[in-house]
Protein chains: 2
Amino acid sequence: MMSNITIAVDMMGGDYAPSAVVDGVAEALQRFGDDYHLLLVGDEAQVKEGLAAVGVAVDDPRIELVHAPEVIGMNEHPVRAIREKRQSSIVTCMELVKSGRAEGVFSAGNTGAAVGASFLKWRMLEGLARPGIATILPGEKSPWVLMDSGATVDCTPTVLAQFAIMGDLYAKKVLAIANPRSGLLANGTEEGKGHRRVQEAFNLIKNIKDINFIGNIEGHDLFCGNVDVVVCDGFVGNIVLKTSEQLGKSLTGMIKESVMKKMLWKVGGLLSKGAFAEVKKRMDASEVGGAPLLGVKGCCIIGHGNFRGHGVANGIRAVGELIREQLNEHIVEAVHQCAFESIG
Amino acid sequence: MMSNITIAVDMMGGDYAPSAVVDGVAEALQRFGDDYHLLLVGDEAQVKEGLAAVGVAVDDPRIELVHAPEVIGMNEHPVRAIREKRQSSIVTCMELVKSGRAEGVFSAGNTGAAVGASFLKWRMLEGLARPGIATILPGEKSPWVLMDSGATVDCTPTVLAQFAIMGDLYAKKVLAIANPRSGLLANGTEEGKGHRRVQEAFNLIKNIKDINFIGNIEGHDLFCGNVDVVVCDGFVGNIVLKTSEQLGKSLTGMIKESVMKKMLWKVGGLLSKGAFAEVKKRMDASEVGGAPLLGVKGCCIIGHGNFRGHGVANGIRAVGELIREQLNEHIVEAVHQCAFESIG
């Protein structure tokens, strides 16, 4: 029997909060049954109203309401917001883990606020310098991990090497990839490519014996199955993530527009609609449930702001996996063994 | 009547050289007639053989063979290669412009070698710090310019601001966009996003009065028509360019694979084939003909390594446009007016 894990859910985070998050909680209760005890953190009146609308009883023993009167909006300045809104749902979620009432957090809210609040309340794991977000992206052959996709903009070589360690462990423990190939993202595959920080990170990572380091990789290696863990700073990773999201959307839009131009094409498009739905599902981030924020002293999955209920439910499951696999313990141990704090 | 412009063509550059370049020369002669005088630079025997195969007479007055016995391969280390192979086709091309025999260069060869050779033979334009490649990319609404897509990996704020000036002028003069919107690529749209160099570049660019600066942009703004000129360093630009190329390929591959799974989908795919061909053409870099290398004292268009004849012919036309529009003169003047050499 699985243990009953307590997860704090940020009810006010996301483009469609709280209703999408309420939907996700309802789906999670149905799919995962008693696996989780969920602390629903947010404006109590709104959450109660939402639960009533989807037919979940407020006194269901698997849920518990935690009132948080403030909300941090998707476009608020993160650092300022968490400083000013100490009673916001996301800060309260982190607080619940810190005080031991919850073991992990799910939020589809403002990413910067989640990163900032976790750092404020939890601090870094022992030996870890900076947090990173490990986003799972789809590919022709298999999914791959983009680490960091936006938590730390400026990275020293040591930070990049620690991202490599965390991404590798995440791929092994949570994605169950036996021998993940890790690559350092650069403007070409030859050794010596990239700026100084990338070059120095290359030398650090190639000496980590537990990592299957395939050296520098370039944009052409993504999405096609050449690499399992892509290491880069959060500036580059965020640009890669958002550019890819947008290009996927734009290409789909252009195909749709084109198909509508002639009757014959339109008929063809209708007949093959199922094939597109299949690809769309493969590309859909809500199937994954979100990205773990790694390096901090706690477990947090950050969902996509546009998640509906299904993405939220999968995100809650993802928090559970992170906790069960004891990823943080593995990270601390691996970083301790490398101990290049003195290098970078 | 158009003036007769002399262009040096690197016959040995590209994945399918020299045959693809020979095809391109033949197409250019047919399409552009007497507009250009082409210096065909490469191994004379191979070029002659190629011309014979496509039925172009060696004594056609519009072409002239220039023998260059050495070739720089697509995967050679650029700096080492141009130092060791002084008689390579690409170095010879640059030399022909320096000595006044040609006005511009087209090459689909090793990008790093073209950048290095131009810098070696031509040096920078007055007041310009570093070269940048302005790649035109397709979009839902209109094409846009990625500046720099790989020439300068490490950029000071001044270099980024000069990229903004060059990208803006290229969009105005060559792409004929009346009031191009320029954006600085970062990990979010708010002012203050990005690392220090991006933040400082922001302050420089917003003070350039001739640029319609829309501030920071993020990956979500690309491909969808939000911005005309995207300013970033060559490290980020190269990653964006190659990631986008690969994602386009991977998505197409996934759709094809999916369509083949069921007979009905297959029939639909066949019927709507024309719509896909249309999108593919819109995404095809060979329609554009390549990207100008800007900032150096000369005109050079760098084609995609995978170009066939059509791309090469369009590349030759693109060199002509660059020369006719006197882009370099406009760049020197605009940079002189800003004169922030002293700042960054």
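Calculation notes
- Residues numbered from 1 in each chain as written.
- Chains lettered and ligands numbered in written order.
- Predicted model: local features only at pLDDT ≥ 70, side-chain atom pairs only at ≥ 80, totals over all residues.
- Heavy atoms only, no water.
- Helix = DSSP H or I, 4+ residues; strand = E, 2+ residues; numbered from the N terminus.
- Rg over C-alpha atoms; globule rule 2.2 N^0.38 Å.
- Buried < 20%, exposed > 50% of the residue type's maximum accessible area, 1.4 Å probe, protein only.
- Contact = heavy atoms within 4.5 Å.
- Buried area = accessible area lost by both parts, 1.4 Å probe.
- Salt bridge = Lys/Arg side-chain N within 4 Å of Asp/Glu carboxyl O.
- Least-squares fit on C-alpha atoms with pLDDT ≥ 70 in both.
- Core = buried A, V, L, I, M, F, W, Y, C linked by side-chain atoms within 4.5 Å.
- Pairing = 2+ DSSP bridges.
- Axes fitted to C-alpha atoms, helices over the stretch in contact; angles between N-to-C directions.
- Phe/Tyr/Trp six-rings, centres within 6.5 Å; stacked < 30°, edge-to-face > 60°.
- Lys NZ or Arg CZ within 6 Å of the ring centre and 35° of its normal.
- pLDDT = per-residue confidence, 0-100.
- Parallel < 35°, antiparallel > 145°, perpendicular 65-115°, else oblique.
- Left-handed = near helix turned anticlockwise from the far one by under 90°.
- Nonpolar A, V, L, I, M, F, W, Y, C, P; charged D, E, K, R; others polar.
- Expected span 1.5 Å × (residues − 1).
- Polar contact = N/O pair within 3.5 Å; in protein donor to acceptor, adjacent residues only side chain to side chain.

### What to know about the overall build of chain A
Move 1: Looking only at helices and strands, one finds 12 helices and 11 strands in chain A.
Move 2: For chain A, whose C-alpha radius of gyration is 21 Å, the value lies close to the compact-globule estimate of 20 Å for 344 residues.
Move 3: Based on the C-alpha atoms only, the size of chain A along its principal axes is roughly 65 × 60 × 45 Å.
Move 4: Within chain A, buried positions represent 58% of all 344 residues.
Move 5: When contacts within chain A are restricted to residue pairs at least 6 apart in sequence, long-range pairs at least 24 apart make up 73% of them.

### Focus: the environment of A:Phe163
Residues and elements named next belong to chain A.
Move 1: Along the chain, phenylalanine 163 falls in helix H6 (residues 157-173).
Move 2: The spatial distance from the C-alpha of phenylalanine 163 to the C-alpha of leucine 96 is 27 Å, given a sequence separation of 67 residues.
Move 3: The contact partners of phenylalanine 163, leaving out residues within four places of it in the chain, are Arg130, Pro131, Gly132, Met147, Asp148, Thr152, Cys155, Val231 and Cys232.

### Quick look at the interface of chain A and chain B
Frequently, the measure chosen for interface size is the accessible area removed from exposure when the parts meet.
Move 1: Listed by partner, the interface residues are 53 residues for chain A and 53 residues for chain B.
Move 2: For the pair chain A and chain B, the two sides together bury roughly 5100 Å², of which 69% comes from carbon and sulfur.
Move 3: It is A:Phe235, A:Leu247 and A:Met254 that lose the most area in chain A upon contact with chain B, and together they represent 13% of the buried surface on that side.
Move 4: Linking chain A to chain B there are six salt bridges.

### Describing the relation of the copies chain A and chain B
Mapping between the two copies of the chain is achieved by a rotation about an axis and a shift along the axis.
Move 1: For these two chains of identical sequence, chain A goes onto chain B by a turn of 180° and a shift of 0.0 Å along the axis, with RMSD 0.0 Å. Look at the turn and shift together and you get a two-fold axis relating the two. Residues of chain A ranked by C-alpha distance from the rotation axis are headed by A:Gly268, positioned 1.9 Å from it.
Move 2: A share of 100% of interface residues in chain A that are also interface residues in chain B marks the association as one of identical surfaces.

### A word on the nonpolar core
Move 1: A:Val9, A:Leu38, A:Leu40, B:Val9, B:Leu38 and B:Leu40 are the most contacted members of the largest nonpolar core, which has 239 residues in total.
Move 2: Contacts of A:Val9, omitting those with residues within four sequence positions, involve A:Val21, A:Val25, A:Leu38, A:Leu39, A:Leu40, A:Val41, A:Cys93, A:Phe106 and A:Ile316.

### Regarding the sheet that holds strand S9 (residues 229-231) of chain A
Residues and elements named next belong to chain A.
Move 1: With respect to topology, 11 strands assemble into an open sheet ordered S3-S2-S1-S4-S11-S10-S5-S6-S9-S7-S8, the strand pairing being mixed. Edge positions in the open sheet fall to strand S3 (63-67) and strand S8 (212-217), since each of these has one partner strand only. Between one strand and the next, the sheet's axes are offset by a mean angle of 25°, whatever the strand orientation.
Move 2: With three bridges joining them, strand S7 (residues 181-185) and S9 adopt parallel strand pairing. Looking across to S9, one finds that glycine 183 is bridged to valine 230.
Move 3: Across the sheet, helix H2 (residues 44-54) touches strand S2 (36-42) and S3, and the angle it forms with S3 is around 150°.

### With respect to the packing of aromatic side chains
To describe a pair of aromatic rings, you give the distance between the ring centres and the angle between the ring planes.
Residue and element names in this part refer to chain A.
Move 1: One pass over the full model with this rule turns up seven aromatic pairs over all chains.
Move 2: Plain terms: the ring middles of phenylalanine 202 and phenylalanine 213 are 5.2 Å apart, the flat faces sit at 70° to each other, and that makes the pair edge-to-face. Taken together, the positions of phenylalanine 202 in helix H7 (residues 196-205) and phenylalanine 213 in strand S8 put the pair 11 residues apart, joining distant regions of the chain.
Move 3: Judged by relative accessible area, phenylalanine 202 falls into the buried class, the value being 9%.
Move 4: The residue whose ring lies beneath arginine 123 is phenylalanine 119, and the NZ or CZ to ring-centre distance is 5.2 Å.

### Digging into unusual backbone geometry
Residue and element names in this part refer to chain B.
Move 1: Going from alanine 17 to proline 18, the amide bond is cis rather than trans, its omega being -5°.
Move 2: Within the secondary structure layout, proline 18 lies in the loop between strand S1 (5-10) and helix H1 (19-32).
Move 3: Positive phi is not limited to glycine here, since phenylalanine 223 has a value of about 70°.
Move 4: One non-glycine residue, glutamine 326, lies in the positive phi region at around 50°.
Move 5: Within the fold, glutamine 326 resides in the loop between helix H11 (309-324) and helix H12 (327-338).

### Some details on the sheet that holds strand S2 (residues 36-42) of chain B
Residues and elements named next belong to chain B.
Move 1: A sheet is described by the order of its strands in space; here 11 strands give the open sequence S3-S2-S1-S4-S11-S10-S5-S6-S9-S7-S8, paired in mixed fashion. Unpaired on one side and paired on the other, strand S3 (63-67) and strand S8 (212-217) mark the two borders of the sheet. On average, adjacent strands in this sheet sit at an angle of 25° to one another, irrespective of strand direction.

### A word on the side chain of A:Lys242
Move 1: For A:Lys242, the location among the structural elements is in helix H8 (residues 234-259).
Move 2: For A:Lys242, a relative accessible area of 13% gives the class buried.
Move 3: Excluding residues that lie within four positions of it along the chain, A:Lys242 makes contacts with B:Asn187, B:Gly188, B:Glu218, B:Gly219 and B:His220.

### Quick look at the confidence of the model for chain A
Move 1: Averaged over all residues, the pLDDT of chain A is 93; the fraction at 70 or higher stands at 97%.
Move 2: Taken over the whole predicted complex, pTM reads 0.93, whereas the ipTM for its chain interfaces reads 0.92.

### Describing the packing of helix H6 (residues 157-173) of chain B against H12(B)
Residue and element names in this part refer to chain B.
Move 1: Contact geometry for H6 and H12: axes closest at 10 Å, N-to-C directions at 140°. Taken as axis vectors, H6 and H12 run oblique relative to one another. Remark: the crossing between H6 and H12 carries right-handed chirality. Each of Gln162, Ile165, Met166, Leu169, Tyr170 and Lys173 in H6 lies in contact with H12, whose residues at this interface are Leu327, His330, Ile331, Ala334, Val335 and Cys338.
Move 2: When the residues that make up the contact of H6 with H12 are grouped by side-chain class, the tally is nine nonpolar, two polar and one charged.

### A short note on the environment of A:Cys155
All names here are of chain A.
Move 1: Summarising the element assignment, cysteine 155 is placed in the loop between strand S6 (144-147) and H6.
Move 2: The buried category is assigned to cysteine 155, whose relative accessible area is 4%.
Move 3: In the structure, cysteine 155 is positioned 79 residues away from glycine 234 in sequence and 7.9 Å away in space, judged by C-alpha atoms.
Move 4: Ignoring sequence-local partners within four residues, the contact set of cysteine 155 consists of Leu160, Phe163, Arg197, Asp233 and Gly234.

### Brief notes about the pairing of strand S11 (residues 299-302) of chain B
Residue and element names in this part refer to chain B.
Move 1: Of the two faces of S11, the one lined by Cys299 and Ile301 and the one lined by Cys300 and Ile302 are each fully buried.
Move 2: Sheet analysis places strand S10 (residues 291-294) next to S11, joined by two bridges and oriented antiparallel. Across the sheet, residue proline 292 finds its bridge partner in S11, namely isoleucine 301.
Move 3: As consecutive antiparallel partners, S10 and S11 are separated by four residues, and within that stretch glycine 295 has a phi angle of approximately 105°, a positive value.

### Things to note about H8(A)
Move 1: Taking 1.5 Å of rise per residue, 26 residues should cover 38 Å, and H8(A) covers 37 Å from first to last C-alpha, within 8% of that figure.
Move 2: N-capping of H8(A) is provided by A:Asp233, with a side-chain oxygen placed 3.0 Å from the backbone N of A:Phe235.

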